[in-house]
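# Structural overview for review
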Amino acid sequence: MQIPLDYHTHSRFSEDGDDSPEAMCLRAIALGIPEIGFSEHWDVGPHEQNPRFFQPEPWFREIERLRDLFAGQLILRAGIEIAEPHLYPEPAAEVLGRACFDYVIGSVHWVGPHFMFDEQYFSQHSADEIYDAYFAELGRMVSSADIDIVGHLDIPSRTAKPILGYDPARYKNQIRGILRIVIERGLALDINAAGLRKPSRNLMPDPLILKWFAEMGGDRVTLGSDAHAAGQVGLHLAAALGAVRLAGLTHITQFEGRRARPIRIG
Ligand SMILES: [Zn+2]
Ligand SMILES: [Zn+2]
């Protein structure tokens, strides 16, 4: 099964990325993945360790150099992952004006002062408190943010699942409300495989959520390894693609200049 693209990757231009974009492109080529999108972190919230680490200008020059270098072998997309873009619309608009972006992933990494990868937070609160608060914040993001793709829709599960468990059916109304807005706005879901290399061993969103999305008429999805190193490019995307097919979806969405285009799954 051909993996058509990997749209959620972080190179060294993200504060937590290990490898150069070139090394990540070479890995995609070696795997036979025809299209890679870089989605560096743009984090500006008050609790971030390195706010505004990402500098789009030198990064975009490098993307353009690699587009030439790998012409005919690999399509490169210039994406970005903006954390809580609904809370920081001005810095979000600012960064989007500094390069020619193909797509914007909107993510919720923080709910108030709580980081969604903080095991201590998860061990001190109930599952309902955590997931209810998170989905409320996500609902605000999908309602108003200038984005194209919703990043890792149920991200707390990646860290919280081994500690607290995770049953998306408990939050069905909230999640379906979010999916309704996603569909109305024509946003895509990032089918994010990062959890498959973590102890949680989960795909995000959970396949049940993907099934609801398809049943409700949603049809825009992208695939993302959430690679932070070259060796993680494309990792577990066969499983992600399998889940997309199992949900009854027939296309993956490609983005160019922030316009969506469906490509048929082979
Ligand atoms: Zn993220
Ligand atoms: Zn990411």
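Check the entry above for the structure.
All of the points below concern the structure found in this document. All of these numbers come straight from a predicted model, not from anything done at the bench.

The helix and strand tally for the protein chain stands at nine helices and ten strands. Against the compact-globule benchmark of 18 Å for 266 residues, the protein chain has a radius of gyration of 17 Å, which places it among compact chains. A separation threshold of at least 6 residues defines the contact pool for the protein chain, and within that pool the share at least 24 residues apart is 79%.

Position of Asp-18 relative to the elements: it lies in the segment before helix H1 (21–31). You can call Asp-18 partly exposed: it has 16 C-beta atoms within 10 Å. With 209 residues separating them along the chain, Asp-18 and Ala-227 place their C-alpha atoms 9.5 Å apart. With residues near it in sequence (within four places) discarded, Asp-18 still touches Arg-12, His-228 and Ala-229.

For the rest of this paragraph, the subject is the pairing of strand E7 (residues 188–192). In terms of burial, E7 is largely enclosed, as five of its five residues are buried. Burial along E7 is two-sided: Ala-188, Asp-190 and Asn-192 and Leu-189 and Ile-191, pointing in opposite directions, are all buried. Relative to E7, strand E6 (residues 149–150) is paired through two bridges, and the arrangement is parallel. The partner of Ile-149 across the bridge, within E7, is Ala-188. By the bridge criterion, four bridges tie E7 to strand E8 (residues 221–224) in an arrangement that is parallel. Bridge pairing in E8 places Asn-192 opposite Gly-224. Regarding topology, helix H8 (residues 207–215) serves as the crossover connection from E7 to the parallel E8, and that connection is right-handed.

Moving on, we get to the nonpolar core. If you look at the biggest cluster of nonpolar residues, it comprises 77 residues, and the most contacted ones within it are Ile-36, Leu-189, Ile-191, Leu-223, Ala-240 and Val-244. Ranked by the residues each element gives to this core, the list is headed by helix H5 (residues 127–144), at seven residues. Not counting residues within four places of it along the chain, the set of residues in contact with Leu-223 comprises Ile-3, Leu-5, Asp-6, Tyr-7, Ile-191, Leu-237, Ala-240, Leu-241 and Ile-252.

Rules used throughout
- Residues numbered from 1 in each chain as written.
- Chains lettered and ligands numbered in written order.
- Predicted model: local features only at pLDDT ≥ 70, side-chain atom pairs only at ≥ 80, totals over all residues.
- Helix = DSSP H or I, 4+ residues; strand = E, 2+ residues; numbered from the N terminus.
- Rg over C-alpha atoms; globule rule 2.2 N^0.38 Å.
- Contact = placed C-beta atoms within 7 Å.
- Buried ≥ 20, exposed ≤ 12 C-beta atoms within 10 Å, placed from the backbone.
- Pairing = 2+ DSSP bridges.
- Right-handed = clockwise from strand over helix to strand, strands pointing away.
- Core = buried A, V, L, I, M, F, W, Y, C linked by C-beta atoms within 7 Å.

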